[in-house]
Amino acid sequence: SKNLFQLAIDGPAASGKSSTARIAAQRLKFEYIDSGAMYRVVTLAALRQNLSPLSLDDASKITYLAATSHIFLHTIFNPPPISHTSSSKPSLPQTLVYLNGEDVTHEIRSQEITKNISGIASNPDVRQVLVEKQRALANGIYDYEGENSSFKLDTLRKSPKGIVMDGRDVGTVVLPNADLKIFVTASARVRAIRRYKELQQQQSTIKKPLIDFNKVLEDLEKRDKSDYERKISPLKKADDAVLLDTSDMSVMEQADKIIELVLKRAKEKNFDL
Ligand code: CDP
Ligand code: CDP
Ligand code: CDP
C-alpha cells in the first residue's frame, strides 16, 4: 500500500528550495519532484513552436502543448563527485529533465526561459494541466493516462517513503493536504547574492564577462513581484505552513532544519520513515 509522506516546500527564487529538497529527499529516501522544471519545460516547448507566452491567441495552443508533451524528471541520487580534487565534498543530487525524449536539463535554466516563464505560469489552463500531473506524481503514479494528457516517468526509487515537491503553490494548491508544508524565505539581497555567485560559477574561468549585481537583484525582484501578485495561484504561504527564514543559514543548515521538521511531524502522524 502507498502511504507516502508528502512534503511541500514553497518560496521565492533562490530561497534554497531545490538544493534542500534534494538533500532531504536523498537522506529520507523520498522522491523529489521539481514543479518549477515543469513550467520551464512548457515555456521551452512554446518558444520552440514560436508561440508567445503572453499572447492570448496562443494560450490554447500552449495548453495543448503542456497536456501532450512528455515530461520526464529524473533525479540522480548519490551522483559521482564532479572532480577528483573536490571529492571530499559530496555532490548534490541532480535532476535531469527531458522533453519528448530530449535532454533539456541545461536549456530550461537559461535566461531566455526564465524571462518568458511568467506568461506561462499565469495561464490558468496550463496550470490546471500541470497541477494534475504534479498530483499524480505526488501519489506515486508515474504512468498516467489523464483526460487530455498522458505521461510516463521513470520510477526513480523502487519504494520511496515519501515525496518532496518544491515550487510556488505546492502547499496552497497542488497538495493542500500535504503532511508538512514549509515556506522558505530570505531577503531579496541575500537571494540576489546567491544567484550572482551561481552565475559567476557557471562562467568559464578564461572568459569572464561582467555580471552586474544590480541587474541580478532587479531581475529577481521582478520575478518575485509577478509570482506574488498574479491572480491565479500566487506565491503565498499556506496558513498551516512553517515559515523558515534562511537569510542566515547555509544550505546544510537549511536542509538539516527541514529534515528535523519532517522527522518530528512523521512521528506525530505515525509515519515509519
Ligand atoms: O529556481 P527558481 O526558484 O528560480 O525557479 P523555479 O522553481 O524553477 O520556478 C520558475 C518559475 O516557474 C517561477 O518563477 C514561477 O513563475 C513558476 N512556478 C510556478 O508558477 N509554480 C510552481 N509550482 C513552480 C514554479
Ligand atoms: O530552488 P531555489 O531557487 O529556491 O534555490 P536553490 O537553487 O536551492 O538555491 C539557490 C542558490 O543559493 C544555490 O547556489 C544554493 O547553493 C544557494 N543557497 C545558499 O547559499 N544558502 C542557502 N541557505 C540556500 C541556498
Ligand atoms: O513510452 P514513452 O515514449 O512514453 O516513454 P519512454 O519510451 O519510456 O521514454 C521516452 C524517451 O525519453 C526515451 O526514449 C528516452 O530517450 C527518454 N528518457 C531518458 O532518456 N531518460 C529517462 N530517465 C527517461 C526518459
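For clarity, every value in this text was computed on a predicted model and none was experimentally measured.

Asks: Could you clarify how one ought to interpret the overall build of the chain in this entry?
Replies: When you go through the chain residue by residue, the secondary structure sums to nine helices and 10 strands. Within the chain, the fraction of its 273 residues that count as buried is 48%. Surface summary for the chain: the accessible area is close to 14700 Å², and the carbon and sulfur share equals 51%.

Asks: Honestly, the site of ligand 2 in this entry has me stumped. Any pointers?
Replies: Ligand 2 sits among 15 residues. The nearest are Ala14, Lys17, Ser19, Met249 and Gln254. Within the backbone of Gly16, an N or O atom sits 3.0 Å from an oxygen atom of ligand 2. At a separation of 2.8 Å, an oxygen atom of ligand 2 approaches a polar side-chain atom of Lys17. Here ligand 2 has 540 Å² of accessible area as a free molecule, and 80% of this is covered by the chains. Of all the secondary structure elements, the ones that give two or more residues to the shell around ligand 2 are helix H1 (17-28), helix H7 (188-202) and helix H9 (251-268). The class makeup of the residues in the shell around ligand 2 is five nonpolar, six polar and four charged.

Asks: What's the story with the site of ligand 1 in this structure? I'm lost.
Replies: Surrounding ligand 1, one finds 17 residues, the nearest of these being Arg40, Arg127, Arg195, Arg223 and Asp227. With respect to ligand 1, the side chain of Ser35 contributes an N or O atom lying 2.9 Å from a nitrogen atom. Contact between ligand 1 and Arg195: an oxygen atom at 2.6 Å from a side-chain N or O atom of the residue. For ligand 1, the protein covers 95% of the area, taking 530 Å² as the surface of the free molecule. Those elements that place two or more of their residues in the shell around ligand 1 are helix H2 (35-48), helix H4 (111-121) and helix H8 (213-229). Sorting elements by how many residues they give to the shell around ligand 1 places H2 first, with four residues. For the shell around ligand 1, the residue count by class is four nonpolar, three polar and 10 charged.

Asks: Please clarify how the pairing of strand E9 (residues 180-185) should be interpreted in this entry.
Replies: Look at any regular strand and the pattern is simple: side chains alternate between the two faces of the sheet. Of all six residues in E9, six are buried; the element is thus mostly enclosed. Where burial is concerned, the two faces of E9 agree: the one with Leu180, Ile182 and Val184 and the one with Lys181, Phe183 and Thr185 are both buried. For strand E1 (residues 5-10) and E9, the ladder comprises four bridges, and the chain directions are parallel. Looking at the pairing, Ala8 lines up with Lys181 of E9. Note that E9 and strand E10 (residues 242-245) share four bridges and pair parallel.

Criteria and cut-off values
Residues numbered from 1 in each chain as written. Chains lettered and ligands numbered in written order. Predicted model: local features only at pLDDT ≥ 70, side-chain atom pairs only at ≥ 80, totals over all residues. Heavy atoms only, no water. Helix = DSSP H or I, 4+ residues; strand = E, 2+ residues; numbered from the N terminus. Buried < 20%, exposed > 50% of the residue type's maximum accessible area, 1.4 Å probe, protein only. Areas by Shrake-Rupley, 256 points an atom, 1.4 Å probe, with all protein chains shown as cover. Near = heavy atom within 4 Å. Polar contact = N/O pair within 3.5 Å; in protein donor to acceptor, adjacent residues only side chain to side chain. Nonpolar A, V, L, I, M, F, W, Y, C, P; charged D, E, K, R; others polar. Pairing = 2+ DSSP bridges.

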